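Residue strings, one per chain:
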Amino acid sequence: MSLRLYNTLSRTKEDFAPLDPKNVRMYVCGPTVYDYAHIGNARPAIVFDVLFRLLRHLYGAGHVTYVRNITDVDDKINARAAERGISIRELTEETWRIYNDDVSALGCLPPSVTPRATEHIPEMIAMIETLIAGGHAYAAEGHVLFDVSSKADYGKLARRSLDDMIAGARVDVAPYKKGAMDFVLWKPSETGTPGWDSPWGRGRPGWHIECSAMAGKYLGETFDIHGGGIDLVFPHHENEVAQSECAHHGHPLARVWMHNGFLNVEGEKMSKSLGNFVTIREHLPANDAFGGRSWDGVTLRLAMLRSHYRQPIDWTVSGLVQAETILKRWKGVFRIVAVPRDSNESPPDAFLSALRDDLNIPRAVAEMHALADKGRHGDFDAAKGLYQAGKLLGINWDDVLSPQSASEVAQAVAALGDEDGSIAAAIAARKEARKAKNFAEADRIRDELLAQGIILKDGPDGTTWEIKR
RNA sequence: GGCCACGUGGCGGAGUGGUGACGCAGCGGUCUGCAAAACCGCGUACCCCGGUUCAAUUCCGGGCGUGGCCUCCA
């Protein structure tokens with residue numbers, strides 16, 4: 001029952017063995033809270049949520065600690081708050097609340113700890129002092145900088161040498177830096193921007209130090225897994241490694257580094273200038289900004305999980321439609337075979353072994369299709385296995401199995417003004433007509449609904465409806 | 001320019017030195033008052049050029065293409 005994970009440090013899949021099986025520890029870089037999270041931000045949230053669930057399954061729910069930070073001090077935050085004329089605190093609170101709602105709609109569990117940068121300034125200052133004392137950092141003009149030349153193996157995670165980086169540098173080097181690649185641990189704050197008193201004057205932390213300080217506080221000097229988007233490998237994670245290892249007597253920061261691939265939208269990089277920038281929220285019911293309609297959180301989740309986490313993913317309307325179709329098909333299995341919703345049995349081995357192979361979720365989903373096929377033919381164990389498998393992936397079966405999905409109801413209300421339940425009334429009228437063998441009238445009602453975009457489906461348990469796609 | 005990924009059928013997407021994963025779409029059929037759904041059946045894919053090998057989509061080299069990082073962007 002081994003777990004294999006691809007380690008960015010070694011660029012190979014390795015057998016995973018936690019330092020302490022009673023407390024498996026994972027840190028993932030969380031959001032900078034200044035604006036709605038975009039769909040690319042959803043990827044690490046979902047991917048590492050699945051890993052969290054898998055670790056809980058393998059080691060026990062009480063034996064995994066998952067830390068995901070909140071970056072609530074940042075120049076983008078300052079700029080946005082000023083722009084909107086609200087306080088920084090108001091902005092970060094509001095954005096954090098929205099982020100939580102969004103990732104929760106995507107089926108993500110709350111992490112064990114969600115530390116805020118602004119509540120860990122003393123820890124950061126202490127770490128910076130340690131680095132200065134150890135000869136790894138220096139103060140200059142109100143800044144404190146990390147001296148990369150003080151760490152012989154700087155660049156080992158990203159696999160790039162200092163010489164290459166300096167040669168390829170395209171930015172002017174600040175005059176107070178000793179080395180071109182030295183990075184900021186602490187910087188001065190002018191009046192009006194957030195700042196804290198420190199041995200180097202009033203200032204605020206650099207980007208990387210918060211993760212080192214908070215990871216150290218909640219997970220110890222060395223922990224098991226550190227995750228994030230692949231774009232963070234350099235400089236963010238490389239600098240975290242440098243800071244933490246130098247502050248912790250050379251002890252490694254994380255044993256396994258995991259990075260999710262990037263997301264494109266309809267084949268193009270998502271950007272505001274291309275006009276394809278889309279937030280998580282814009283996909284969800286009551287909004288219709290992606291493909292001109294709304295989508296259920298569980299659909300977004302499955303669409304995200306259909307690609308291997310290290311592969312690039314192309315976020316498309318067609319991909320979401322496919323995910324939605326799959327969920328509809330799985331839903332059908334439980335109309336044939338009812339399974340208990342409360343059992344906590346383990347999913348089948350074939351499914352689990354796919355996940356244990358570096359989180360091969362596409363293969364795990366293929367196993368679910370096999371289970372669904374058997375389930376449709378009345379195999380109770382297979383149907384139950386499908387249910388458990390979905391549960392481990394964080395599929396919200398309650399949403400999937402409701403007669404009409406939230407996105408369908410939202411669209412019906414928006415397009416037809418169905419607040420009064422006119423669809424249900426029409427279905428009842430048609431039922432009477434069919435009972436009286438007045439098929440002409442029954443078909444007329446059905447056609448009328450179809451013209452409004454509602455498809456009726458007669459099943460053994462009565463008639464249900466769907467939005468026509 | 002430097003470094004790093006990736007390139008699989010109409011579409012999405014695993015995987016492997018040698019029997020065409022899987023899903024969506026499509027086509028044919030069964031069932032149903034008619035539909036929808038469901039069910040059954042149907043597919044000679046691995047960017048190009050060399051090399052290694054009995055055998056390469058899978059390994060090696062080169063090329064082309066796409067994307068990422070080198071600018072506090074997941």
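Cut-offs used in this document
- Residues numbered from 1 in each chain as written.
- Chains lettered and ligands numbered in written order.
- Predicted model: local features only at pLDDT ≥ 70, side-chain atom pairs only at ≥ 80, totals over all residues.
- Heavy atoms only, no water.
- Helix = DSSP H or I, 4+ residues; strand = E, 2+ residues; numbered from the N terminus.
- Buried < 20%, exposed > 50% of the residue type's maximum accessible area, 1.4 Å probe, protein only.
- Areas by Shrake-Rupley, 256 points an atom, 1.4 Å probe, with all protein chains shown as cover.
- Lys, Arg positive; Asp, Glu negative; His and termini not counted.
- Charge placed at Lys NZ, Arg CZ, Asp CG, Glu CD.
- Pairing = 2+ DSSP bridges.
- Expected span 1.5 Å × (residues − 1).
- Arc of directions from axis to C-beta.
- Near = heavy atom within 4 Å.
- Polar contact = N/O pair within 3.5 Å; in protein donor to acceptor, adjacent residues only side chain to side chain.
- Nonpolar A, V, L, I, M, F, W, Y, C, P; charged D, E, K, R; others polar.
- Contact = heavy atoms within 4.5 Å.
- Phe/Tyr/Trp six-rings, centres within 6.5 Å; stacked < 30°, edge-to-face > 60°.
- Right-handed = clockwise from strand over helix to strand, strands pointing away.
- Axes fitted to C-alpha atoms, helices over the stretch in contact; angles between N-to-C directions.
- Parallel < 35°, antiparallel > 145°, perpendicular 65-115°, else oblique.
- Left-handed = near helix turned anticlockwise from the far one by under 90°.

Chemist: Outline the overall build of chain A, supporting the account with residue identities and numerical values.
Modeler: Counting secondary structure elements, chain A contains 17 helices and 15 strands. In terms of overall dimensions, chain A has C-alpha extents of about 90 × 55 × 35 Å along its principal axes. For chain A, the residues scored as buried account for 51% of the 469 residues in total. A total of about 20700 Å² of accessible surface is found on chain A, and carbon and sulfur atoms cover 51% of it. In chain A, 55 side chains carry a positive charge and 63 a negative one; their mean positions are 5 Å apart.

Chemist: Quick one: what's the story with the sheet that holds strand β13 (residues 313-315), residue by residue and with numbers?
Modeler: Spatially, β12-β11-β13 is the arrangement adopted by the 3 strands of the open sheet, whose pairing is mixed. The open sheet is flanked by β12 (268-269) and β13, the only strands paired with a single partner. The pairing of strand β11 (residues 263-265) with β12 spans 2 bridges and is classified as antiparallel. In the sheet register, V265 faces β12, and the bridge partner there is E268.

Chemist: Any chance you could break down helix α4 (residues 121-133) for me, citing the residues and the numbers?
Modeler: For α4, spanning 13 residues, the distance from its first C-alpha to its last is 18 Å, which sits close to the expected 18 Å at 1.5 Å a residue. Here α4 has its buried residues at I121, M124, I125, M127, I128 and L131. Along α4, the residues classed as buried sweep out an arc of 160° about the axis, all on the same side. Looking at α4, the residues exposed on the side facing more than 90 degrees away from the buried face are P122 and A133. Where α4 terminates, the next one or two residues include G135, which has phi positive at roughly 80°.

Chemist: Tell me about the protein's contact with RNA strand B, and please be specific about residues and values.
Modeler: Near RNA strand B you find 48 residues, and of these K76, K187, W207, G229 and R376 are the closest. Between S307 and RNA strand B, the recorded distance is 3.4 Å, taken from a side-chain N or O atom to a phosphate oxygen. Its residues placed into classes, the surface near RNA strand B shows 14 nonpolar, 16 polar and 18 charged.

Chemist: Would you mind going over helix α3 (residues 88-105) in detail, with residue names and values included?
Modeler: The α-helix winds at 3.6 residues per turn, so residues separated by three or four positions along the chain end up facing the same way. The end-to-end C-alpha distance of α3 is 26 Å, a good match for the 26 Å that 18 residues give at a rise of 1.5 Å each. Inspection of α3 places L91, T92, T95, W96, I98, Y99, D102 and V103 among the buried residues, and these make up the whole buried set. Tucked into the core, α3 has its buried residues touching α1 (39-59), β4 (64-68), α2 (75-84) and α8 (280-283). Where α3 terminates, the next one or two residues include G107, which has phi positive at roughly 85°.

Chemist: Go over the packing of aromatic side chains, please, and point to the residues and values.
Modeler: By the definition in use, this model includes 10 aromatic pairs. With 6.4 Å between their ring centres and 45° between their planes, Y27 and F223 make a pair best called tilted. You can see Y27 sitting in strand β3 (residues 24-28) and its partner F223 sitting in strand β9 (residues 223-229), a full 196 residues away along the chain. Where F334 meets W397, the ring centres are 5.1 Å apart and the plane angle is 75°; that geometry is what we call edge-to-face. Of the two residues, F334 is situated in helix α10 (residues 317-336) and W397 in helix α14 (residues 397-401); the sequence distance between them amounts to 63 residues. One aromatic cluster is present, built from ring pairs that chain together W330, F334, Y387 and W397.

Chemist: Outline the environment of F277, listing residues and values.
Modeler: Within the secondary structure, F277 is located in the loop between β12 and α8. Those residues in contact with F277 that lie beyond four places of it in its chain are H38, M270, S271, K272 and E282.

Chemist: Tell me about the pairing of β4, and please be specific about residues and values.
Modeler: Most of β4 is tucked away: 5 of the 5 residues are buried. Residues V64, Y66 and R68 line one face of β4 and the alternating positions T65 and V67 line the opposite face, and both faces are buried. Note: β3 against β4, 5 bridges, orientation parallel. Residue pairing for β4: V28 is matched across the bridge by R68. Each parallel crossover has a hand, and for β3 linked through α1 to β4 it is right-handed.

Chemist: Before we move on, can you summarise the packing of α4 against helix α7 (residues 233-247) with the specific residues and values?
Modeler: Working note: a packed helix pair is described by the angle between its axes plus the distance between those axes. Taken N-terminus to C-terminus, the directions of α4 and α7 make an angle of 70°; their axes are 9 Å apart at the nearest point. As far as their axial angle goes, α7 and α4 are roughly perpendicular. Contacts from M127, T130 and L131 of α4 reach α7 at Q243, S244, C246 and A247.

Chemist: Give me the sheet that holds β9: which residues, what numbers.
Modeler: Strands sit in the order β4-β3-β9-β10 across an open sheet of 4 strands; the sheet is parallel. The open sheet has two edge strands with one neighbour each: β4 and β10 (254-260). Going from strand to strand, the sheet's axes swing by 20° on average, the running direction of each strand aside.

Chemist: Summarise the packing of α10 against helix α13 (residues 380-392); cite the residues concerned and give the values.
Modeler: Axis separation between α10 and α13 bottoms out at 10 Å; the angle between their running directions is 135°. On the basis of the axis angle, α10 is oblique to α13. Our pair here, α10 against α13, has a crossing hand that is left-handed. Residue-level inspection shows W330, V333 and F334 of α10 in contact with α13, the latter providing A383, L386 and Y387.

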